[in-house]
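Residues per chain, in single letters:
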Amino acid sequence: MTVFAFNMVNRRRREHPNKAAVLALGTGVMAFLGAGVWGFLHTLAPVNYYTHGSQITAAHGHMAFYGAYVMVVLTIISYAMPILRGRAANSNKSQVLEMWSFWLMTIAMVFITLFLTAAGILQVWLQRVSDTPMSFMMAQDQVSLFYWMREWAGVMFFVGLLVYVISFFVKGETQPSKA
C-alpha cells in the first residue's frame, strides 16, 4: 500500500495546488509502521505471551491510530477546507504552516512510539522475564524516565496541532476554485 501510494503520486500528470494535502503519503507510511510493523511484531504468539498489555501494546496503538485514522482526517480537512471556502488551495503561508504541523506531529508521534517501546521492553524484562520479577508499580517506577520523555514528545505534538489549527486563519494570496 505504501509503495503504491508513492508510485501514484510520482505518476500524476498534473501539479496539485494543495501541497499540504499531498502529505497524505505520510498516512501510508505511519499506518504501515504502526499497524504493520509494530502490530505484527508484538502480536506474534511467542512475543505476545510476554508483551500483551505492556507499554509495547500502547506504542503500537499510538502509531497505528495516528497513521490509520488521525492522518486521514487531517488530510481530508486540509483538502476539503479550502474547497469549502471557494478556493483551490489555502495560501502558500498557510500551507507552509500545515506542512510544519504535519512534520511536528509526525516526528513527535515517532518519538512517543519509540519511548513507549523502550518502556515496554524494560517493563517486560522487569515484570515478566527477570528471575526476580517486580510488581507492576515497582516496574512503572523504573520506566518513569521514558514517560517523562514521552511527555515532552506529547508537548511537541500539541504544538504541531496548534500550528495546524492556526494555519486555517492565515491570510494570503489564494487560487480561486475552477468549479
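Residues numbered from 1 in each chain as written. Predicted model: local features only at pLDDT ≥ 70, side-chain atom pairs only at ≥ 80, totals over all residues. Heavy atoms only, no water.

Draft legend 1. Highlighting the confidence of the model for the protein. When the pLDDT values of the protein are averaged, the result is 87; 94% of them are 70 or greater. Mean pLDDT across the secondary structure elements of the protein bottoms out at strand 2 (residues 175–176), with 58, and peaks at helix 8 (residues 144–167), with 96. (pLDDT = per-residue confidence, 0-100. Helix = DSSP H or I, 4+ residues; strand = E, 2+ residues; numbered from the N terminus.)

Draft legend 2. Local environment of the nonpolar core. In terms of nonpolar packing, the biggest core is built from 19 residues, with Met-30, Tyr-66, Met-105, Met-109 and Phe-157 touching the most fellow members. In terms of residue count, helix 6 (residues 92–129) provides more of this core than any other element does, 7 residues in total. What Phe-157 contacts, discounting residues up to four positions off in sequence, is Tyr-66, Met-105, Ala-108 and Met-109. (Core = buried A, V, L, I, M, F, W, Y, C linked by side-chain atoms within 4.5 Å. Buried < 20%, exposed > 50% of the residue type's maximum accessible area, 1.4 Å probe, protein only. Contact = heavy atoms within 4.5 Å.)

Draft legend 3. Spotlight on empty space enclosed by the protein. Taken as a whole and judged by the stated rule, the model has 1 cavity of 30 Å³ or more. The calculated volume of the largest cavity comes to roughly 130 Å³. Together, 15 residues line the largest cavity, and Ala-20, Leu-74, Thr-75, Ser-78 and Phe-102 are the ones closest to its centre. Counting residues per element, the ones that place at least two in the lining of the largest cavity are helix 2 (19–22), helix 5 (55–84) and helix 6. Grouping the constituent residues of the lining of the largest cavity by class yields 11 nonpolar, 3 polar and 1 charged. (1 Å grid on protein atoms, 1.4 Å probe; cavity = no way out; pocket = protein on both sides within 12 Å on 5 of 7 lines; lining within 4 Å. Points joined across faces, edges and corners; volume = space filled by probe spheres on them. Nonpolar A, V, L, I, M, F, W, Y, C, P; charged D, E, K, R; others polar.)

Draft legend 4. Structural context of helix 5. For helix 5, spanning 30 residues, the distance from its first C-alpha to its last is 41 Å, which sits close to the expected 44 Å at 1.5 Å a residue. At Tyr-66, helix 5 shows its maximal bend, which comes to roughly 40°. Gly-86 sits one or two positions beyond helix 5 and adopts a positive phi of about 85°. (Expected span 1.5 Å × (residues − 1). Bend = angle between axes of the 7 residues up to and from the residue.)

Draft legend 5. Focus on the side chain of Thr-117. If you trace the backbone, Thr-117 turns up in helix 6. Overall, the relative accessible area of 15% leaves Thr-117 in the buried class. Here the side chain of Thr-117 touches Thr-113 through a polar contact of 2.7 Å, landing on its backbone oxygen. Contact partners of Thr-117, with chain neighbours within four places excluded, come to Trp-38, Ile-56 and Ala-59. (Polar contact = N/O pair within 3.5 Å; in protein donor to acceptor, adjacent residues only side chain to side chain.)

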